[in-house]
Amino acid sequence: DTGVSQDPRHKITKRGQNVTFRCDPISEHNRLYWYRQTLGQGPEFLTYFQNEAQLEKSRLLSDRFSAERPKGSFSTLEIQRTEQGDSAMYLCASTVSGANVLTFGAGSRLTVL
Amino acid sequence: QQQVKQSPQSLIVQKGGISIINCAYENTAFDYFPWYQQFPGKGPALLIAIRPDVSEKKEGRFTISFNKSAKQFSLHIMDSQPGDSATYFCAAWGRTGANNLFFGTGTRLTVIP
């Protein structure tokens, strides 16, 4: 197992464009989390899935953001009509239900010009 | 509202010295307190963690001290090494309610040779 994989690692886009990030969790992990981290700040929770069900969403997850985990394995995070304020590192993490340890991926860095 | 408050924001320590990072929380529903270490361009990685029924936990050069009544906990890095230079985040996991990890704002540690 290679841990949590995220793709792409870096994305530069123009304001107004749509972007999609993919996360492949550790295979036996049924919970998958998305966090956002801006420069000099700690990660902030966006949403999490248990299997394919999205169980919680943060207020940070505006209508322009949508996340899916269609088969309970990989997940995608899409940002529509990107804004400069969306520039951040988007981190994915996974764990098993009942465990308190999150294993993070290396993140996908988004720059919106 | 910041669920977990962390200080200092940055810390410079001589090689061989002790690095101390402090955190405080308000929510008594938190029942698991991990520390994460993050290197530039990488996702956070679990360093050490503690439950509130324990006052201290030591793993190698890293020690967590926990004061349940004061709702404070701290990370001590003994014999700090240049390779310890990274950003450290304290975090707290809720027992009920939000099933996610709340992070502090981070401490950027620089260990000078």
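Description of the structure in this document. Since we're looking at a predicted model, the values are computed, not measured.

Reading guide: rules and limits
Residues numbered from 1 in each chain as written. Chains lettered and ligands numbered in written order. Predicted model: local features only at pLDDT ≥ 70, side-chain atom pairs only at ≥ 80, totals over all residues. Heavy atoms only, no water. Helix = DSSP H or I, 4+ residues; strand = E, 2+ residues; numbered from the N terminus. Rg over C-alpha atoms; globule rule 2.2 N^0.38 Å. Buried < 20%, exposed > 50% of the residue type's maximum accessible area, 1.4 Å probe, protein only. Contact = heavy atoms within 4.5 Å. Areas by Shrake-Rupley, 256 points an atom, 1.4 Å probe, with all protein chains shown as cover. Lys, Arg positive; Asp, Glu negative; His and termini not counted. Charge placed at Lys NZ, Arg CZ, Asp CG, Glu CD. Pairing = 2+ DSSP bridges. Buried area = accessible area lost by both parts, 1.4 Å probe. Polar contact = N/O pair within 3.5 Å; in protein donor to acceptor, adjacent residues only side chain to side chain. Patch = residues over 30% accessible without salt bridge, like charges linked within 9 Å, V, L, I, M, F, W, Y side chains within 5 Å. Salt bridge = Lys/Arg side-chain N within 4 Å of Asp/Glu carboxyl O.

1. Points about the overall build of chain B
Piece 1. The helix and strand inventory of chain B stands at 0 helices and 11 strands.
Piece 2. When its helices and strands are written in sequence order, chain B yields β-β-β-β-β-β-β-β-β-β-β.
Piece 3. Against the 2.2 N^0.38 benchmark of 13 Å for 113 residues, chain B shows a C-alpha radius of gyration of 14 Å, consistent with a compact globule.
Piece 4. Burial status across chain B gives 45% buried among its 113 residues.
Piece 5. In chain B, the proportion of contacts linking residues at least 24 apart, taken out of those at least 6 apart, comes to 53%.
Piece 6. Surface summary for chain B: the accessible area is close to 5500 Å², and the carbon and sulfur share equals 49%.
Piece 7. Averaging the positions of the 11 positive and the 7 negative side-chain charges in chain B gives two centres separated by 4 Å.

2. Some thoughts on the overall build of chain A
Piece 1. Across its full length, chain A holds 0 helices and 11 strands.
Piece 2. Along chain A, helices and strands appear, N-terminal first, in the series β-β-β-β-β-β-β-β-β-β-β.
Piece 3. Counting across all 113 residues of chain A, residues that qualify as buried make up 48%.
Piece 4. In chain A, 52% of the contacts between residues at least 6 apart in sequence involve partners at least 24 apart.
Piece 5. If the 14 positive side-chain charges of chain A are averaged to one point and the 12 negative ones to another, these points end up 6 Å apart.

3. Here we look at the pairing of strand β7 (residues 65-68) of chain A
All names here are of chain A.
Piece 1. Burial of the side chains of β7 is restricted to one face: Phe 65 and Ala 67 are buried, whereas none of Ser 66 and Glu 68 on the reverse face is.
Piece 2. Two strands pair when backbone bridges link them, and β7 and strand β8 (residues 75-79) are joined in this way by 4 bridges, in the antiparallel orientation. Each residue of the ladder has a partner; that of Ser 66, found in β8, is Glu 78.

4. Considerations on the interface of chain A and chain B
Piece 1. Facing the 20 residues of chain A at the interface are 18 residues of chain B.
Piece 2. The largest contributions to the chain A side of the interface with chain B come from A:Pro43, A:Asn100 and A:Phe104, which together make up 32% of the buried area.
Piece 3. One can count 5 residue pairs in polar contact (both at pLDDT 80 or more) joining chain A with chain B.
Piece 4. At the level of secondary structure, the elements contributing two or more residues to the side of chain A that touches chain B comprise β4 (31-37) and β5 (44-50) of chain A.
Piece 5. It is β4(A) that contributes the most residues to the side of chain A that touches chain B, 4 residues altogether.

5. So, unusual backbone geometry
Piece 1. Of note, the bond from A:Asp7 into A:Pro8 is cis; its omega dihedral lies within 30 degrees of zero at -5°.
Piece 2. By the element assignment, A:Pro8 lies in the loop between β1 (5-7) and β2 (10-13).
Piece 3. B:Pro8 follows B:Ser7 through a cis peptide bond whose omega is -5°.
Piece 4. Among the secondary structure elements, B:Pro8 is positioned in the loop between β1 (4-7) and β2 (10-14).
Piece 5. You will see that A:Asn51, though not glycine, has its phi angle at about 55°, which is positive.

6. Description of a nonpolar patch on the surface
All names here are of chain B.
Piece 1. Taken together, the side chains of Ile 18, Ile 20 and Met 78 make up a nonpolar region of the molecular surface, amounting to roughly 240 Å² of accessible area.
Piece 2. Structurally, the position occupied by Ile 18 is in the loop between β2 and β3 (19-25).
Piece 3. Take Ile 18: its relative accessible area is 47%, and that puts it in the partly exposed class.

7. Examining the environment of A:Pro43
Piece 1. With respect to the element layout, A:Pro43 can be found in the loop between β4 and β5.
Piece 2. Classification of A:Pro43 by relative accessible area gives buried; the value is 4%.
Piece 3. Excluding its chain neighbours within four sequence positions, the residues that come into contact with A:Pro43 are A:Tyr35, A:Arg36, A:Gln37, A:Leu91, B:Pro44, B:Phe89 and B:Phe103.

8. Points about the pattern of salt bridges
When their charged atoms lie close together, side chains carrying opposite charge are able to pair.
Piece 1. Evaluation of the coordinates by the stated rule reveals 6 salt bridges over all chains.
Piece 2. In this structure, the salt-bridge partner of A:Asp86 is A:Arg64, at a minimum N-O distance of 2.8 Å. With A:Asp86 in the loop between β8 and β9 (88-95) and A:Arg64 in the loop between β6 (53-57) and β7, this residue pair connects regions lying 22 residues apart in the sequence.
Piece 3. Given a relative accessible area of 11%, A:Arg64 falls into the buried group.
Piece 4. In this structure, B:Arg61 and B:Asp84 form a salt bridge, with 2.8 Å as the shortest nitrogen-oxygen distance. In this pair, B:Arg61 sits in the loop between β6 (56-59) and β7 (62-67) while B:Asp84 sits in the loop between β8 (72-77) and β9 (86-94), placing the two residues 23 residues apart along the sequence.
Piece 5. For B:Arg61, a relative accessible area of 26% corresponds to the partly exposed category.
Piece 6. Classification of B:Asp84 as buried rests on a relative accessible area of 5%.
Piece 7. Put simply, A:Arg64, A:Glu83 and A:Asp86 are held in one network by salt bridges that share partners.

By themselves these figures say nothing about function.
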